[in-house]
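Coordinate inspection notes
Residues per chain, in single letters:
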Amino acid sequence: QVQLVESGGGLVQPGGSLRLSCAASGSTYRIYEMGWYRQGLGNQRELVAGITRDGKTNYADSVKGRFTISRDSAKTTVYLQMNILKPEDTAVYYCYARPLGDYNYWGQGTQVTVFS
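Residues numbered from 1 in each chain as written. Predicted model: local features only at pLDDT ≥ 70, side-chain atom pairs only at ≥ 80, totals over all residues. Heavy atoms only, no water.

Focus on the environment of Gly65
Under the convention used in this document: The way it works is that DSSP assigns letters per residue, a run of H or I at least four long becomes a helix, a run of E at least two long becomes a strand, and they are numbered from the N terminus. For the exposure calls, accessible area comes from a 1.4 Å probe over protein chains only, and a residue counts as buried if that area is under 20% of its type's maximum, exposed if over 50%, partly exposed in between.
Checked against the element boundaries, Gly65 lands in the loop between strand S6 (57-59) and strand S7 (67-71). Residue classification places Gly65 among the exposed residues on the basis of a relative accessible area of 77%. Separated by 12 residues in the primary sequence, Gly65 and Thr77 place their C-alpha atoms 22 Å from one another.

See the structure below:
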């Protein structure tokens, strides 16, 4: 089992920045990839960014150049630096951890609201 605890959501004006954190515990040796999905009101959950165990990253087109995913040296905490935030970035952001060949573990979600 893997447990995920997120932090860092909140309210911000357009153009502002937020940093999300997600700390994994439990059987972290099983994790191959960690990252973030988000789900806006009335929308499907979509991948925002992910980082694999060997450091390969991928981003949704809508956040490229604005968001940066990173992790700590122990590879058990991931961060999502979100810059130049837009109202359309408003969503609940969910951290995920994916073992090889297995289903995602999910965090509880953290709300990000971008308002003017």
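There is more to say after this.
What to know about the packing of aromatic side chains
Filter applied, for reference: Pairs were defined over the aromatic rings of Phe, Tyr and Trp, the Trp ring being its six-membered one, requiring ring centres within 6.5 Å. Orientation was assigned from the angle between planes: stacked under 30 degrees, edge-to-face over 60, tilted for the rest. Each ring is checked for a lysine NZ or an arginine CZ that lies within 6 Å of its centre and within 35 degrees of its normal; such an atom marks a charge sitting over the ring.
Tallying each qualifying case throughout the model produces three aromatic pairs. Between Tyr37 and Trp106 the ring centres are 5.2 Å apart and the planes differ by 75 degrees, which places this aromatic pair in the edge-to-face class. You can see Tyr37 sitting in strand S4 (residues 31-39) and its partner Trp106 sitting in strand S10 (residues 105-106), a full 69 residues away along the chain. Members of the aromatic cluster, joined through ring pairs, are Tyr37, Tyr96 and Trp106. The aromatic ring of Tyr94 is capped on one face by Arg45, whose charged end is 3.8 Å from the ring centroid. Between Arg45 and the ring centre of Trp106, over which it is positioned, the NZ or CZ distance is 4.6 Å.

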